[in-house]
Every structure is written in structure tokens, then in C-alpha cells.
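What follows is the residue order along each chain.
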Amino acid sequence: MTAPLKAPFEGLRVADFAWVGVGPTVSKYLADNGAEVVR
Amino acid sequence: MTPQPQGSPSPHPTGPLAPYRLLDLADEKGQLCARLLGELGADVIKVEPPGEGDPTRQNGPFFKGEQGPNTSLYWWAMNAGKRSVTCQLRLQPGRELLHRLVATADIVVETNPPGSAAGKGLDYATLSAVNPAIILVSITNWGQAGPFAAWESADIVASAMGGHMHLNGEPERGPVRTTAPQAFTQVNVQAAVGALIALYARGVNGGVGQHVDASMQEAMTNAMDNSQQMWDILRINNAGPGVRRNAMGKPGPRYLFETSDGWVALLQLGGLAGVGANATIDWLAEHGDAGDLVSSEWRERLTSLTPLGEAIGYVEERLAAFCRKWKKEDLVAAAQARGLGWAPVFGPREIVESKQLAARDYWVRVQHDDIGQSFIYPGAPWKLSRTPWKQRGRAPACGEHTAEVYGDLLGMDAAEVRRLKAKMVI
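Starting from 1, residues in each chain are numbered consecutively following that chain's sequence as written. Chains carry letters and ligands carry numbers; both start at the beginning, A for chains and 1 for ligands, and go up in the order they are written. Confidence filtering applies because this is a predicted model: local features only for residues at pLDDT of at least 70, side-chain atom pairs given and counted only at 80 or more, and all residues used for totals across whole chains, interfaces and linings. Side-chain numbers here rest on the full set of heavy atoms in the structure, without hydrogens or water.

Peer 1: Can you tell me about the pairing of strand 9 (residues 256–259) of chain B, naming the residues and giving the values?
Peer 2: Residue and element names in this part refer to chain B. At least two DSSP bridges between two strands are needed for those strands to be called paired. Here a helix means four or more residues in a row that DSSP labels H or I, a strand means two or more in a row labelled E, and each is numbered from the N terminus. Bridging between strand 9 and strand 10 (residues 262–266) involves four bridges; their strand directions are antiparallel. Note on strand 10: the bridge partner recorded for glutamate 258 is tryptophan 263. Here strand 9 folds back onto strand 10 in antiparallel fashion, the turn holding two residues.

What follows is the structure, encoded as C-alpha cells:
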């Protein structure tokens, strides 16, 4: 591999309006893979 | 109910994964992952050893109790909608044939113990040399390395070492395993997510594939809520509280009660603990079951969440006596009408007969043309509004699509297929 690889979701912005308990894991997965998550 | 798909597998051109092909070389640790991706449109090809086929074809129970290569209910459930080819990976020509398939594929799912995939030509170094764009999903008990990587694995092993057994069960009787194999289920969903992320990453990184290393232990550990944090930060070692809520590592208020015909689950003593206590007390009082709880002292004590200590027994007995007088369905309907989050505990029969699932058109009836009957299958885990999920039909017979796949994908003629069959390569 030559060029450094990008995180898959780098450049994506997620607005997180998820309900306590059930929702935040979804946006955490996206953030863990490079997305910018705004709660 | 969703109409029966015709043929096996039925096409799914509107699926988001319709452009992609997946080779499924997984045992019971990884067959669900491939099925889920197939239901999103991928062309899933199960690769089985010639002759007896995949060992999970022998997983009971069997249709009509008759054991055979095409009667395992497990096989039906996990391999529905896939194609099947035979390929003997113990033979060099078989491994070469597999690599020709890999050159046409996007994703490979395998479940060999760490270090042993190379012997079957299934390790990432080999596959990525054949096809740099390939995404290899490896599902194992502990991942590809580490001090336990060589231990014997099973669902029960990952459930025990992933923390879930300890979080279930009862203080008096010890840990309990969830009967349905949740370690397999959890890791398969996580592996499917990993495959989708890798597929997306391939698109933004110039077509380079990668190795997705999915661990059953880690999948289970990811599903422990905040139990690890409670140990790390608070030094509280959570354990199974049985019929009670877990309250900071100790058994809290009871949440399971028996009715005249089954169990109900009631959060926080059916609302008797916390701000909503008065509503439940009033309801019990209407039926003459509230006892002393109608007093202002008890109301204050329950609504303020003051620890109940020994008195919890009195509160639970009021609720238990109340619940025993009702039928499960009536009790829960009345509770929900009062804004209380009570639920019937459903068994498999009630799941199949659920009005909610019927109203959502959840079940899919699948025709088994080989035996002339149809059966219901679980429906969409996600309802996508534009690129829908789709059940693709029954599970394949061993090698059902061998000639079709090798002909269409590799340009192999009938004579070559016969020659490879004679040599036990396929």
C-alpha cells in the first residue's frame, strides 16, 4: 500500500438526535470510522 | 404476508449490494453474515466440500425428523437464498478453482481457526494476491491472535468468555447462558457491519480491500452495556440478578411477575418504584390489591425512590397477588392503556402469531419447491425505503448451482465440469 488510507466515513457529518439508550451506538460506529458526529 | 419469491435464489436487482459477489466458506460461526448480505442483494455463493457437503447440513432438528443433507432446519434458516457450489479445498486444483472464483468476488467469509486458513488457500495474504480488492471477513472465537486464539471455540465458549453468562442467571443459582446462540448472532451482525464498512472504505481508497477480523468474544463484550466501565471506574463487578433489575451490581426491584397464563415484564416494580408509583397504586387500589400502599407514607416512600430494604417484600407481594388474578394479555393491555410500560413475555409461538409483526408484514413465506411445501422465514432486520431488503428463497441443495456458477463465472464447459467431478475436485 502506498498512499495513507482514509477512514471510511471521513468527511461525513452526522447530526445525532438519537434518544438516550437506543440511539447513540449508531452514531458511535460512524464516528469510530471517521465521521464527524454532532450530538 | 410478503409473496413467495420464485426460484432459488430469486434475483434482487434493487438491493444495495446487487453489484457485489460474496463467497461463503463459513461454518455455523459465520453463515448468518453471508445470508444478511445476500438479502441486501449480494450474489452469495456457498462453497461446500463435494460429497457430504457442509457439515452444518447435519445440524438437527430435521424436517419430519428425517436426517438428510437437505432437511436441517438450521441449514434452511442460515443458508436461505444462497447459491451452492462444491469445491474440495484439500486438493490443489480445488484451491486453484476457489482462487478463480475469488478473482470474480468482492467479499469472502471464512471461519477457520486462526492460522489454519492458509492450508486451504484462504488466508488474507493469498487472497489479496489473487484479488487486491477482495474483502476477507474472518469470524473466530477470539480473533486472529492472542493467548486464547488456539483454544477450541463454540457459542458457549464465547458466551462464557464474552461476559454475558455472568450478567444473566440468579445470585442463588449462578450464571446462565442465553439458549439461542447469541455469540454467533452478535458476531455475524458485527461481521456484516464490518464487511459493509470495508466495502465503503474500498470505494474511498481506490479499490483496496482489507481483512475484517471479527471476534465472537469481542462482539459479546461490545454488547455488555456499561458493565466493563462499572468495573473499570466504579469497581462494581456486575452479576446476574435473576428476576430483578441490576442495581449497581446488586439485585434491585423485581421486574418479572406471573399471571394466570404466563409471565409479564414490568419495569421498576411495575412503576411502583419511582415517579409513576401513584398511578400503579391507584390501579391496584381499584381492585382492592393495594393494601397499605395507599397510605401517604408509602406513596412518599415509593415515589421518592427511597431504598426499600426488607420492605421490598411487602411491595412485591401486593404486585404479585394483583398479577396472578389476570390473564397476561388483558393485564398488559390495561397497563399500557394507563401509560405503564408493561409487556407480556412472548414465547416462539406468540412471536409467530404476533399481530404487530403481521401488521408490519414481517414474515416471508418461502416455497420449498423440492418438497412442495412452504414455511415462514424471519423478515427484514431493516426496512430500507428505497433499496429494500428481500428474502431470496430456500437454502440450496449441495452443489445445486455448481454447473451454473462455474459456467457463467469461469466459462467452464460441461465436459470440464464432468472432469472435475470425476476427480473429486468439485
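There's more to say after this.
Peer 1: Outline the packing of helix 11 (residues 277–286) of chain B against helix 12 (residues 296–303) of chain B, listing residues and values.
Peer 2: All names here are of chain B. It is the contact of helix 11 with helix 12, at a shortest axis distance of 9 Å, that shows an interaxial angle of 140 degrees. The angle between helix 11 and helix 12 places the two elements in the oblique class. Where helix 11 approaches helix 12, its residues Ala277, Asn278, Ile281 and Asp282 are matched on the opposing element by Arg299, Leu302 and Thr303. The residue inventory of the contact of helix 11 with helix 12, partitioned by class, reads three nonpolar, two polar and two charged. The axes used here are C-alpha line fits, helices contributing only the stretch in contact, and every angle between their N-to-C directions lies in the interval 0 to 180 degrees. Here is the rule for angles: anything less than 35 degrees is roughly parallel, anything more than 145 is roughly antiparallel, 65 through 115 is roughly perpendicular, and the remaining ranges are oblique. Should any heavy atoms of two residues lie within 4.5 Å, those residues are considered in contact. The classification used treats Ala, Val, Leu, Ile, Met, Phe, Trp, Tyr, Cys and Pro as nonpolar, Asp, Glu, Lys and Arg as charged, and all other residues, Gly among them, as polar.

Peer 1: So what about the pattern of salt bridges? Which residues, and what values?
Peer 2: Residues and elements named next belong to chain B. Only one rule defines a salt bridge in this text: a Lys or Arg side-chain nitrogen within 4 Å of an Asp or Glu carboxyl oxygen. For the coordinates displayed, the defined rule picks out 27 salt bridges over all chains. The closest approach of N and O atoms between aspartate 43 and arginine 21, which form a salt bridge, is 2.9 Å. In this pair, aspartate 43 sits in strand 2 (residues 43–48) while arginine 21 sits in strand 1 (residues 21–25), placing the two residues 22 residues apart along the sequence. Given the relative accessible area of 16%, aspartate 43 is considered buried. Partly exposed describes any residue whose relative accessible area lies between the buried limit of under 20% and the exposed limit of over 50%, with all areas from a 1.4 Å probe on protein chains only and scaled to the type maximum.

Peer 1: Describe the packing of aromatic side chains, naming the residues involved and giving the relevant values.
Peer 2: Residues and elements named next belong to chain B. For Phe, Tyr and Trp, rings pair up if their centres lie within 6.5 Å, where Trp contributes its six-membered ring, and each pair is then called stacked (planes under 30 degrees apart), edge-to-face (over 60) or tilted (otherwise). Under the definition given, this model contains twelve aromatic pairs over all chains. Aromatic side chains phenylalanine 63 and tryptophan 76 sit 5.5 Å apart centroid to centroid with 40 degrees between the ring planes, which places their arrangement in the tilted category. One end of the pair, phenylalanine 63, is in the loop between strand 2 and helix 2 (73–79); the other, tryptophan 76, is in helix 2, and 13 residues separate them in sequence. Assigned by exposure class, phenylalanine 63 and tryptophan 76 land together as buried. Consider the rings of tryptophan 142 and tryptophan 151, whose centres lie 6.2 Å apart with planes at 80 degrees: the pair is edge-to-face. Tryptophan 151 sits in the partly exposed class, given a relative accessible area of 48%.

Peer 1: Describe the interface of chain A and chain B, listing the residues and the values that go with them.
Peer 2: On the side of chain B, eight residues touch chain A, which itself brings eight residues to the contact. In total, about 750 Å² of surface goes out of reach between chain A and chain B, with carbon and sulfur atoms giving 66% of it. Between the two partners, chain A and chain B, sit zero salt bridges. Here a polar contact is taken to be a pair of N or O atoms separated by no more than 3.5 Å, where protein atoms must pair a possible hydrogen donor with a possible acceptor and residues adjacent in sequence count only if both atoms sit in side chains. Between chain A and chain B we count two residue pairs in polar contact (both at pLDDT 80 or more) in total. Of the residues belonging to the side of chain A that touches chain B, the class tally is six nonpolar, one polar and one charged. By convention, the term buried area covers the 1.4 Å-probe accessible surface removed from two parts as they join, with the contributions of both added.

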